[in-house]
Amino acid sequence: MRKVIGIGETVLDIIFRDDQPISAVPGGSTFNAIISLGRAGVKTCFISETGNDRVGRNIIAFLHENGCQTDCVNVYPDSKSPLSLAFLNEHNDAEYIFYKDHPNDRLDFTYPEVQADDLVLFGSYYALNPVIRPQVKGFLEYAHQQGAILYYDVNFRAAHQHEVVRLTSNLLENFELADVVRGSSEDFEILFRKSDPDVVYRTQISFYTKKFIYTQGEAPIELRADGGLHKQYPVAPIETVSTIGAGDNFNAGFLYGLIHEDIMRSDIEHGLTEEQWDRVIGYGQQFSAEVCRNLYNYISPEFGEQMKL
């Protein structure tokens, strides 16, 4: 059975509305996607670290409960787990404050088994952080050599804008390693001060990969792909409770779609058909819409049961 290997941070997301806490759930961009995939019956493995505290123990237990292999989650004895405060506005979009108490960023793990056509999800600052870059890059290169499909979610926060210059070489390496790149309009505005998907694709992405998904909240999703494929996917209006996991779960749905539709790395290298893109992006939209209907960062167990592979 093909599996999805995620590499990223773990945090406890404390969610506020009108400056009052209303929920606290385990989170992290890749983490959220991995939980949703586990609930949908996908075999998953997660590479990360957490603190030696109640929050860290709860996060590991939560991964287990949702069917995720945690052999590659390091627990550091002298650190506390990171926190993220998410303040929802009137549109249920979040503004974040992050607290991290790890004395040093470290990443020590034994590579999980990677088979041809497995999928690797990576992104956010975690995939750029210079301190752990050698380990992250080493694993991504290994997974590529083993024949895995690498999916990169840029997910670059404004809090790191002052680091753009020193992180650029790592960013470009990620573009080069990735089979598919997804980013939001906010990501490319922060990184390159560009907001036109065609300009972003032509000047920043297409040299490295021809598979590019550009999301922009409620506005249509833009796809640029092999053979000059250029397509928009409207986003259906929904009543949102929280948009915190929307992008993360688009990633989960897209990866679910690749497995559901039996799309292999050779198919991606040769170029997907328009119909294949339609189907996998459709799954991304389904997962994303589902997560916006609740205060959690992942699809509901009930939705997962309906989608079970």
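In case you missed it, the structure is sitting above this.
This text gives an overview of the structure that appears in the document. Computed from a prediction, not measured in an experiment: that's the story for all the values here. (Residues numbered from 1 in each chain as written. Predicted model: local features only at pLDDT ≥ 70, side-chain atom pairs only at ≥ 80, totals over all residues. Heavy atoms only, no water.)

Take the sheet that holds strand β7 (residues 83-88) next. Strand order in the open sheet made by the four strands is β3-β2-β7-β8, with mixed pairing throughout. Single-partner strands in this sheet number two, and they are β3 (20-27) and β8 (94-99). Looking at each pair of strands side by side, their axes are set apart by 20° on average, direction ignored. Where β7 lies against β8, six bridges are found, and the strand directions are antiparallel. From the neighbouring strand, A86 faces β8, where its bridge partner is Y96. (Pairing = 2+ DSSP bridges. Helix = DSSP H or I, 4+ residues; strand = E, 2+ residues; numbered from the N terminus. Axes fitted to C-alpha atoms, helices over the stretch in contact; angles between N-to-C directions.)

Two faces belong to every sheet, and in a regular strand the side chains alternate between them. Judged from the seven bridges that link them, strand β2 (residues 11-17) and β3 form a sheet pairing that is antiparallel. Bridging from a neighbouring strand, F16 pairs with P21 of β3. In this antiparallel pair of consecutive strands, β2 and β3, the connection spans two residues, and D18 shows a positive phi of 55°.

Taken together, the buried positions of helix α6 (residues 197-205) are P197, V200, Y201, Q204 and I205. Taken around the axis of α6, the buried residues stretch over an arc of 110°, which confines them to a single face. Taking the backbone nitrogen of D198 as reference, a side-chain oxygen 2.7 Å away marks D196 as the first, capping residue of α6. (Buried < 20%, exposed > 50% of the residue type's maximum accessible area, 1.4 Å probe, protein only. Arc of directions from axis to C-beta. Polar contact = N/O pair within 3.5 Å; in protein donor to acceptor, adjacent residues only side chain to side chain.)

Attention shifts here to the packing of aromatic side chains. In the structure shown here, the tally under the stated rule is 23 aromatic pairs. Through successive ring pairs, a cluster of aromatic residues spans F122, Y152, F175, F207 and Y208. (Phe/Tyr/Trp six-rings, centres within 6.5 Å; stacked < 30°, edge-to-face > 60°.)

Attention now moves to the side chain of S185. Among the secondary structure elements, S185 is positioned in helix α5 (residues 185-192). Sequence-distant contacts of S185, defined by excluding residues within four places in its chain, comprise Y214, T215 and Q216. (Contact = heavy atoms within 4.5 Å.)

This paragraph deals with the pairing of β7. The pairing of β2 with β7 spans six bridges and is classified as parallel. Note on β7: the bridge partner recorded for F16 is F87. Hairpin connection, β7 to β8: the antiparallel pair is bridged by five residues, and N92 has positive phi, about 65°.

Within this structure, the stated rule accounts for 14 salt bridges. Linking K137 and E173 is a salt bridge whose minimum nitrogen-to-oxygen distance equals 3.2 Å. Taken together, the positions of K137 in helix α3 (residues 133-145) and E173 in helix α4 (residues 164-177) put the pair 36 residues apart, joining distant regions of the chain. Here K137 falls in the partly exposed class, since its relative accessible area comes to 26%. Overall, E173 belongs to the partly exposed group, its relative accessible area being 25%. (Salt bridge = Lys/Arg side-chain N within 4 Å of Asp/Glu carboxyl O.)

Take the environment of T243 next. One can find T243 in the loop between β14 (229-233) and α7 (246-260). As for T243 and N294, which are separated by 51 residues in sequence, their C-alpha atoms are 8.8 Å apart. In this structure T243 touches H91, N92, D93, A94 and C292, once residues within four positions along its chain are discounted. Among the polar contacts made by the side chain of T243, one reaches the side chain of D93 at a distance of 2.9 Å.

Two measures define how a pair of helices packs: the angle their axes make with one another and the distance between the axes. Taken N-terminus to C-terminus, the directions of α7 and helix α9 (residues 274-291) make an angle of 140°; their axes are 7 Å apart at the nearest point. With respect to each other, α7 and α9 are oriented oblique. Relative to α9, the crossing made by α7 is right-handed. Of α9, the residues touching α7 (which contributes A246, N249, F250, A252, G253, F254, Y256, G257, L258 and H260) are W277, V280, I281, Y283, G284, Q285, F287, S288 and V291. (Parallel < 35°, antiparallel > 145°, perpendicular 65-115°, else oblique. Left-handed = near helix turned anticlockwise from the far one by under 90°.)

With that settled, the discussion passes to the side chain of T209. Residue placement: T209 occurs in the loop between α6 and β12 (212-216). Taking the relative accessible area as the measure of exposure, T209 reaches 6% and is therefore buried. Engagement of the side chain of T209 in a polar contact is seen with the backbone oxygen of D179, the distance being 3.1 Å. Once residues lying within four places of it in the same chain are set aside, the contact partners of T209 are F175, A178, D179, V181 and Y201.

Right, let's talk about helix α2 (residues 54-65) for a bit. For α2, spanning 12 residues, the distance from its first C-alpha to its last is 16 Å, which sits close to the expected 16 Å at 1.5 Å a residue. By the burial criterion, the buried members of α2 are G56, I59, I60, F62 and L63. Seen end-on, α2 carries its buried residues on one side only, within an arc spanning 155°. α2 presents R54, R57 and E65 as exposed residues on the side facing more than 90 degrees away from its buried surface. The inward-facing, buried residues of α2 abut β2, β3, α1 (29-39), β4 (43-51), β5 (68-69) and β6 (73-76). Backbone geometry just after α2 places G67 at a positive phi near 75°. (Expected span 1.5 Å × (residues − 1).)

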